[in-house]
Amino acid sequence: MDFLNILPEQDGLKLQLIEYLLTLVGSEVPVQTVKDNLQISDYKFEDTLFGLNTDIEFLTMMNGFEIRDNWLIFGHVVSRDLLQQLRNYYFEMAPLAALISEILAINKFPKPIKMEQNYGWSRSYFFKQKKILKTIIDKYIQEVNEVTMRYFLFDIYNYFCSEIAFNNNVDQQLQQKVIAYFDDELKTPSQKQQMALLVAMLVKRIQMAELNFTNELLWMSPKETLTVYLMETFKISRERAILESQFLNQFLYTNGIIVNRLTKNEITNTWKSIYEQIMIITQKTLLPYFKQEIIKLDAFVIQVTPIILAELILKNKIKNLSFERTKYFKEIYPTLYHAAKKLIDELGVKLQITDPAQAQRLLFKIISQVLSFGFDMKKLDRIEICIDFSGGAYVNQFMQTTMNSYINVNVEVSNILTKTTDIYLGDKYIPNLGVEEIILVKPPTPVDWATLGKLIAKTKQQKFELGGLIDE
């Protein structure tokens with residue numbers, strides 16, 4: 001989902017410009033390259049850059065970009081931190097932010113008279129903004145209910161790094177009280193920021209009557225202690241506290257804010273049979289790749305099954321995921337990538353995964369879980385590199401240490417050339433080695449390491465296509 005549509009077109013284009021520039025290597029780029037990649041006219045580029053520079057100077061008192069001899073030069077202030085500041089700034093200024101805030105507070109579109117009194121909107125302007133927001137909601141959510149709406153609202157505020165404000169101290173104190181319940185499990189600033197946003201939504205909406213939670217989307221069983229805590233804190237019915245407890249725990253888990261290992265007993269009865277199917281398919285599909293680590297695979301299946309289940313249940317909630325995020329895995333871990341893809345294909349047949357975006361999200365989640373679980377990846381997608389510089393052992397040791405700080409993609413390094421060596425790295429070209437050679441005649445730069453990284457990815461793909469990269 002492209003949340004830039006929430007902003008006025010000009011502000012969205014400013015963010016699109018700086019997001020593109022931050023993907024580039026280096027601090028300068030030909031102006032024509034930028035225009036071609038963003039497909040914008042000379043006038044629109046100049047107007048957007050002028051506006052972006054004005055906003056950067058307002059926020060930081062520093063210059064953002066300048067043009068010299070048809071090259072766009074980056075200022076020192078240009079960073080992802082600045083991008084977040086700009087996202088927040090543009091969102092707070094956007095007309096739709098006011099409408100979103102009203103929907104958050106009353107669970108429906110406000111009346112035109114309210115927007116006229118509070119924001120000076122005319123009726124025609126109100127209906128124009130309402131139509132834009134309805135289009136965005138319809139694109140994001142196929143079935144509107146309280147579960148999908150809270151995900152939608154959270155993702156908007158989180159994307160724009162915006163906080164939910166309260167009009168009184170009582171609500172703010174209630175927010176802090178609920179956050180304190182989870183204090184022991186909130187370790188990082190990011191966790192705390194997301195928790196504050198999630199609980200702010202809860203405080204805003206928990207007193208609303210007749211919210212449609214759609215029980216089939218609540219797949220985690222409620223926790224009794226949290227249920228009682230919410231009943232006592234907000235003076236609500238037990239039935240409502242159970243729903244809020246289910247949603248809160250489920251959201252914390254699916255968004256990775258607080259992740260505890262789940263078991264079948266913590267899944268609602270509605271979804272237990274699907275849970276069991278996912279376990280069986282996952283175990284069977286991944287077994288050939290990790291057959292020497294059966295115990296670890298069993299534990300992994302228990303951990304990854306709820307993650308897959310959550311994605312399947314929330315399939316009506318569209319999330320933004322660039323396909324570039326899975327391209328890295330395909331290049332660096334081709335065998336693992338194809339194993340995960342095979343698993344998704346098997347799940348798709350049994351559980352009807354037809355949305356390409358959902359398949360990509362699952363692919364990313366499964367592979368990232370495998371890589372972080374502690375499997376012995378040395379036998380999977382491994383490349384061997386021989387480092388052999390004429391300076392001798394000390395130079396070779398330095399190069400090996402330096403390389404390990406730049407390249408960490410399951411590469412085995414030695415200074416001995418063997419029949420299994422894939423790449424030779426040295427400072428002199430030696431003919432007839434029979435392997436790919438990279439020659440560095442000076443201390444390597446990040447560009448040199450990037451060249452090596454591309455060769456490693458290319459070699460892994462070639463080895464995979466020739467018969468796989470699993471060492472017995």
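Each value, and the rule that gives it
Residues numbered from 1 in each chain as written. Predicted model: local features only at pLDDT ≥ 70, side-chain atom pairs only at ≥ 80, totals over all residues. Heavy atoms only, no water. Helix = DSSP H or I, 4+ residues; strand = E, 2+ residues; numbered from the N terminus. Buried < 20%, exposed > 50% of the residue type's maximum accessible area, 1.4 Å probe, protein only. Contact = heavy atoms within 4.5 Å. Areas by Shrake-Rupley, 256 points an atom, 1.4 Å probe, with all protein chains shown as cover. Lys, Arg positive; Asp, Glu negative; His and termini not counted. Charge placed at Lys NZ, Arg CZ, Asp CG, Glu CD. Pairing = 2+ DSSP bridges. Axes fitted to C-alpha atoms, helices over the stretch in contact; angles between N-to-C directions. Phe/Tyr/Trp six-rings, centres within 6.5 Å; stacked < 30°, edge-to-face > 60°. Lys NZ or Arg CZ within 6 Å of the ring centre and 35° of its normal. Parallel < 35°, antiparallel > 145°, perpendicular 65-115°, else oblique. Nonpolar A, V, L, I, M, F, W, Y, C, P; charged D, E, K, R; others polar. Expected span 1.5 Å × (residues − 1). Bend = angle between axes of the 7 residues up to and from the residue. Salt bridge = Lys/Arg side-chain N within 4 Å of Asp/Glu carboxyl O. Polar contact = N/O pair within 3.5 Å; in protein donor to acceptor, adjacent residues only side chain to side chain.

1. Focus: the overall build of the chain
- In terms of regular secondary structure, the chain is built from 19 helices and seven strands.
- Dimensions of the chain, computed from C-alpha atoms along their principal axes, come out at roughly 80 × 60 × 40 Å.
- In the chain, buried positions account for 47% of the 472 residues.
- Relative to all contacts within the chain whose residues are 6 or more apart in sequence, the contacts with residues 24 or more apart total 71%.
- Carbon and sulfur atoms make up 52% of the accessible area of the chain, which amounts to about 24,600 Å² in all.
- Computed over 52 positive and 55 negative side-chain charges, the separation of the two mean positions in the chain equals 5 Å.

2. Remarks on the sheet that holds strand β1 (residues 28-30)
- Strand order in this open sheet of three strands is β1-β3-β2, and the pairing throughout is antiparallel. One side of each edge strand has no neighbouring strand; the edge strands of this open sheet are β1 and β2 (65-68). On average, adjacent strands in this sheet sit at an angle of 25 degrees to one another, irrespective of strand direction.
- Two elements, β1 and strand β3 (residues 71-74), share three bridges in a ladder whose sense is antiparallel. Along β3, the bridge assignment pairs Val29 with Leu72.
- This element, helix α2 (residues 31-38), spans β1, β2 and β3 of the sheet and lies at about 75 degrees to β1.

3. Structural notes on the packing of aromatic side chains
- Counted under the stated rule, the structure contains 25 aromatic pairs.
- Following the ring pairs from residue to residue traces out a cluster consisting of Phe3, Phe91, Tyr140, Phe152, Tyr157, Tyr159 and Phe160.
- Over the face of the ring belonging to Phe247 we find Arg150, whose NZ or CZ atom lies 5.3 Å from the ring centre.

4. Notes on the packing of helix α16 (residues 334-351) against helix α19 (residues 446-465)
- As a packed pair, α16 and α19 sit with axes 9 Å apart at the nearest point and diverge in direction by 60 degrees. Our classification of the angle between α16 and α19 gives oblique. Between α16 and α19, the residues in contact are Pro334, Thr335 and His338 and Lys460, Gln461 and Phe464, respectively.
- Within the contact of α16 with α19, the residues separate by chemical class into two nonpolar, three polar and one charged.

5. Description of the environment of Thr335
- On the secondary structure map, Thr335 appears in helix α16.
- Sequence separation between Thr335 and Lys235 is 100 residues; the distance between their C-alpha atoms is 54 Å.

6. Thoughts on helix α14 (residues 294-313)
- The first and last C-alpha atoms of α14 sit 28 Å apart over 20 residues, in line with the 28 Å expected at 1.5 Å per residue.
- Remark: the principal bend of α14, roughly 30 degrees, maps to Val304, with a proline, Pro306, within the next four residues.

7. Concerning the pattern of salt bridges
- Applying the stated rule across the entire model yields 18 salt bridges.
- For Arg382, the salt bridge goes to Glu412, with nearest N and O atoms at 3.0 Å. Separated by 30 residues along the polypeptide, Arg382 in the loop between α17 (356-373) and β4 (383-388) and Glu412 in strand β5 (residues 411-414) bring together distant segments of the chain.

8. Thoughts on the sheet that holds β4
- In spatial order, the strands read β5-β4-β6-β7; together these four strands make up an open sheet with parallel pairing. The open sheet has two edge strands, β5 and β7 (436-439), and neither has a second partner. Within this sheet the neighbouring strands show an average axis-to-axis angle of 25 degrees, counted without direction.
- Two elements, β4 and strand β6 (residues 423-426), share four bridges in a ladder whose sense is parallel. In the sheet register, Ile387 faces β6, and the bridge partner there is Leu425.
- Against the sheet, α19 engages β4, β5, β6 and β7, with an angle of about 140 degrees to β4.

9. Looking at the environment of Thr420
- Turning to its location among the elements, Thr420 is positioned in the loop between β5 and β6.
- Among the residues examined, Thr420 registers a relative accessible area of 40% and is labelled partly exposed.
- Residues Thr420 and Ile383 lie 37 residues apart in sequence; the distance between their C-alpha atoms is 8.9 Å.
- Of note is the side chain of Thr420, whose polar atom sits 2.6 Å from the side chain of Glu384.

So far we have only geometry, and geometry alone does not tell us how the molecule works.
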